[in-house]
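Remarks on the overall topology
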Amino acid sequence: MKPQTKVGILFLVSVVFMVGFAFVLGSINIFSNSNEIKVAYNFAGGIEVGSPVRVMGIKVGKVRSIRFEPEFKMPDSGEEVKLLVTITVNKEAWPTIRSDSHYYINLAGVIGEKFLEISPGSLDHPQLNPGQVVRGEDPPRIDQMISQSYALAGKILDFVNKNEGSVIDTIDTLDKLVVNFDKMLKQLDKTSKDPEVHKIVKNLSMILDDGAYLSHGLRSPEALQTIKLVNDLIRRLEPLDAKAIHKFLQEDGIKAKLF
């Protein structure tokens, strides 16, 4: 066998091994059983190519590529996004992904690997089309949160340093307020145990009961009729003056000196 033939055979065998190895790793899958989705982010949170994709905690695919797209805008809202993460989802889990699904970048444990989590959508929303672009939920920026915390702590310290006297006075005032409130509670507790206070409360309760009974009686039909008659009498007497009333009483034989 010629050397050129040996080299050719070796080259072909190497290519076959490389293709088989890539097939095992999933980089090449001639008989693909998954669909792709493009998820748009402005911050990927450490997600990498090859990171797993999970639905309800079950691995259903992986991150195939991450591509910078400085000029890209979301088709529906026009929002500018800078990253497109292409993921694969197997066809068994595909029906659970709907237009109202959410796409989170999570961390497995405290120091575990990053993965992309998809929340299943509801049945009253349509399924996605393969290759469709969706908006992902940007993960929180831990570095920005720490930086903002430091900035806030610095502002608090600066405020305390500039207003040290006022802060001390405010703390003293609050301390006095708490002490006075505690004294008031003790006094109320002491007062509630005094027999005279119990007697006063009992008498007030009796007065209120009598008032309720009286007001209930005034609302009875007989009381309302009496009040109406008194009002009619007063209305009839209003046009009369003192002389007329005196004459009226004298003519009826009633001897009384009213005025």
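For the structure itself, consult the block above.
Nothing here was measured: the structure is a model prediction, and the numbers come from that model.

Turning our eyes to something else, we now look at unusual backbone geometry. A positive phi angle is found at Met56, which is not glycine, with a value near 55°. Note that Met56 resides in the loop between strand E2 (52-55) and strand E3 (58-68).

Further remarks concern the pairing of strand E1 (residues 34-41). Both E1 and strand E4 (residues 83-90) contribute to a ladder of 8 bridges, which runs antiparallel. Residue pairing across strands places Glu36 opposite Thr88, the latter belonging to E4. Across 3 bridges, E1 lies against strand E7 (residues 133-135) in parallel orientation. Opposite Val39, over in E7, you have Val134 as the bridge partner.

A general tendency of soluble globular proteins is for nonpolar side chains to be buried together. The biggest cluster of nonpolar side chains holds 22 residues, and the ones touching the most others in it are Ile37, Val53, Ile87, Val89, Tyr103 and Ile118. For this core, the elements supplying multiple residues, two or more each, are E1, E2, E3, E4, strand E5 (102-107) and strand E6 (114-119). Looking at this core, the element that brings in the most residues is E4, giving 4 residues. By size, the runner-up hydrophobic cluster in this structure holds 5 residues, among which are Ala40, Phe72, Val81 and Leu84.

Thresholds, definitions, all that
Residues numbered from 1 in each chain as written. Predicted model: local features only at pLDDT ≥ 70, side-chain atom pairs only at ≥ 80, totals over all residues. Heavy atoms only, no water. Helix = DSSP H or I, 4+ residues; strand = E, 2+ residues; numbered from the N terminus. Pairing = 2+ DSSP bridges. Core = buried A, V, L, I, M, F, W, Y, C linked by side-chain atoms within 4.5 Å. Buried < 20%, exposed > 50% of the residue type's maximum accessible area, 1.4 Å probe, protein only.

Purely spatial values, then, with no claim about function.
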